[in-house]
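# Summary of the model geometry
Each chain, letter by letter, is given below.
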Amino acid sequence: MIVGVPKEIKQDEYRVAMLPVGVEELVRRGHQVVVEAGAGLGSGLPDHDYLRVGAELVSGPQEVFARADLIVKVKEPQPSEWPLVRPGQVIFTYFHFAADRPLTDAMLASGATCVAYETLADDQGRLPLLTPMSEVAGRMSIQEGAKYLERPQSGRGILLAGVPGVAPAHITILGGGVVGANAAKIAAGFRADVAILDINMDRLRYLDDIMPPNVDCLFSDRHTIREQLARADLVIGAVLIPGAKAPMLVEMEDLRRMKPGSVIIDVAIDQGGCMATSKPTSHSNPTYIVEEVVHYCVTNMPGVVGRTSTFALCNVTLRWVLDIAQRGIERAARELRPVARAINLAGGEVTNQAVAETFGLPYSPRFNS
């Protein structure tokens, strides 16, 4: 199989979808790997590292897409890449279709098989290809929140830790999954006053066992959310329904309870966001203000820590790239249930039920029957 690795072109995206060791493993198994020149530079991986292990370097994305049977990316194809995708080609990347109808329509029209990192689930419901980026985003959310609480960034002028005689910041985290748990760990390390909310009591009991004393684990309902919003200096949106649009937890009227200069970091923005006032932003222009509340809704948070994120991502994606390359997508879907669950679109059909329900499109159980 010919495997293609294009350079990421989404704004402020510095990750690359394959490490040189991944190229080496594919070449050892008899595959050909075509890498766009400069693809790894944002992660500190020069072209000669790829050449040394057997990659073929090409000058632009057109040749990568034209030649490759399997395209391995980090972020969803951008509009300029849509015409390059062809019927029968396999695209393996983060898609987040439920938050992007134009992308969904374009990939349906292409006839490609779209295998989404974020819906590759094991038999226990875990999402191994989403987990490392959720860890990065959860930890980054506190780092970014601390910055935007500073007064020059239009924040309240709050130090997360406080100092003796001055109370620390209050941080509310909506969602106790991987993002929320990692955010809580970092926030607790800053000595902030932290509340993490979830609707899963088993998860809350687990978090209560492992978190330090400055983290309260609360059941999430409308009353508790509104009460927390009134107290919060920083709110982290960290909820996820795999493949589906994120649930809306904070309405416009709720936002008016928040303190002027408080900050929202909506990590769920990849799946549409969990705040009524959330809209996608970029690292170049990360924030905007609604009702005197600073909103940070960057859709590719891990992209700016490209080296950390690339290694973390490729550590978990490589085995699946190898499986798909060795078997082909049809056989891989038959033999590996996680791969079948990851196929969102194929041959112009929607094969992920959550995506189909989000847009009211026909659902094909082709890979999940």
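Everything discussed here concerns the structure shown above.
Residues numbered from 1 in each chain as written. Predicted model: local features only at pLDDT ≥ 70, side-chain atom pairs only at ≥ 80, totals over all residues. Heavy atoms only, no water.

### Looking at the pairing of strand 6 (residues 113-116)
Using the following cut-off: Partly exposed describes any residue whose relative accessible area lies between the buried limit of under 20% and the exposed limit of over 50%, with all areas from a 1.4 Å probe on protein chains only and scaled to the type maximum. Counting from the N terminus, the helices are DSSP H or I runs at least four residues long and the strands are E runs at least two residues long. Following DSSP output, two strands are said to pair if at least two bridges run between them.
Both faces of strand 6 are covered, namely the face carrying Thr113 and Val115 and the face carrying Cys114 and Ala116. As paired elements, strand 5 (residues 90-93) and strand 6 share 4 bridges and run parallel to each other. Directly across from Ile91, in strand 6, lies its bridge partner Cys114. Here strand 6 runs beside strand 14 (residues 343-346); their pairing, made up of 2 bridges, is antiparallel. Across the sheet, the residue bridging to Cys114 is Leu345, located in strand 14.

### Examining the sheet that holds strand 3 (residues 56-58)
By definition, the strands of a sheet pair up through backbone hydrogen bonds, in either a parallel or an antiparallel sense. The test is simple: We call two residues contacting when some pair of their heavy atoms lies within 4.5 Å. Every angle, taken between N-to-C directions, lies between 0 and 180 degrees, and every axis is a line fitted to C-alpha atoms, over only the stretch in contact when it is a helix.
Across the sheet, which stays open at both edges, the 8 strands sit in the order 3-2-1-4-5-6-14-15 with mixed pairing between neighbours. Bordering the open sheet on either side are strand 3 and strand 15 (349-350), each of which pairs with just one other strand. Packing against the sheet, helix 4 (residues 101-110) makes contact with strand 6, strand 14 and strand 15, and its axis sits at approximately 55° to strand 14.

### Brief notes about the pattern of salt bridges
For the record, the criterion: For salt bridges, the criterion is a side-chain nitrogen of Lys or Arg within 4 Å of an Asp or Glu carboxyl oxygen.
Counted under the stated rule, the structure contains 26 salt bridges. When the shortest N-O distance is used, the salt bridge between Arg156 and Asp233 registers 2.5 Å. On the criterion of sequence distance, the pair formed by Arg156 in the loop between helix 5 (131-148) and strand 7 (170-174) and Asp233 in the loop between helix 8 (222-231) and strand 10 (234-237) is long-range, its members being 77 residues apart. The exposure class of Arg156 is partly exposed, given its relative accessible area of 33%. Judged by its relative accessible area of 4%, Asp233 is buried. Here Arg205 ties to Asp202 by a salt bridge, and the two come within 3.5 Å at their closest N and O atoms. Of this pair, Arg205 and Asp202 both sit in helix 7 (residues 201-210), 3 residues apart, which is roughly one turn of the helix. The network of salt bridges with common partners includes Arg319, Asp323, Arg327, Arg331 and Glu335.

### Section: the layout of surface pockets
The gaps of empty space that remain are located by a probe, the size of a water molecule, rolled over the atoms. Test applied: Only protein atoms enter the calculation, which uses a 1 Å grid: trapped sets of points that fit a 1.4 Å probe without letting it out are cavities, open sets showing protein on both sides within 12 Å along at least five of seven lines are pockets, and any residue with an atom within 4 Å of a point is a lining residue. Grid points are joined across faces, edges and corners, and a volume is the space filled by probe spheres set on the points. Three categories are distinguished: nonpolar for Ala, Val, Leu, Ile, Met, Phe, Trp, Tyr, Cys and Pro, charged for Asp, Glu, Lys and Arg, and polar for the others, with Gly belonging to the last.
Each pocket or cavity is described by its volume, and for the largest pocket that value is around 1100 Å³. Counted by class, the lining of the largest pocket contains 24 nonpolar, 12 polar and 7 charged residues. Here the second largest pocket is characterised by a volume of approximately 320 Å³. What lines the second largest pocket is a set of 19 residues, among which Ala99, Asp100, Asp270, Pro280 and Thr299 lie closest to the centre.

### What to know about the sheet that holds strand 9 (residues 215-219)
On the basis of which strands lie adjacent, the open sheet formed by 7 strands has the order 9-8-7-10-11-13-12 and mixed pairing. Looking at strand neighbours, the two that pair on one side only are strand 9 and strand 12 (287-290), the edges of this open sheet. For this sheet, the mean inter-axis angle between neighbouring strands, taken without regard to orientation, is 20°. Strand direction decides the pairing type here: strand 10 and strand 11 (residues 263-266), joined by 4 bridges, are parallel. Bridge pairing links Leu234 to Val263 in strand 11. Helix 6 (residues 178-189) rests against strand 7, strand 8 (193-198) and strand 9 of the sheet, and its axis sits at about 170° to strand 8. Against the sheet, helix 7 engages strand 8 and strand 9, with an angle of about 170° to strand 9.

### Digging into the packing of aromatic side chains
This is how it is decided: For Phe, Tyr and Trp, rings pair up if their centres lie within 6.5 Å, where Trp contributes its six-membered ring, and each pair is then called stacked (planes under 30 degrees apart), edge-to-face (over 60) or tilted (otherwise).
In this structure the tally under the stated criterion is 4 aromatic pairs. Measuring from ring centre to ring centre gives 4.6 Å for Phe95 and Phe97, while their planes differ by 10°; the resulting arrangement is stacked. What makes Phe95 buried here is its relative accessible area of 1%. Given a relative accessible area of 1%, Phe97 falls into the buried group. With a centroid separation of 5.7 Å and 45° between ring planes, the pair formed by Tyr148 and Tyr296 is classed as tilted. You can see Tyr148 sitting in helix 5 and its partner Tyr296 sitting in strand 13 (residues 293-296), a full 148 residues away along the chain. When sorted by exposure, Tyr148 lands in the same class as Tyr296, which is buried. Linked through ring pairs, Phe92, Tyr94 and Tyr117 together constitute an aromatic cluster.

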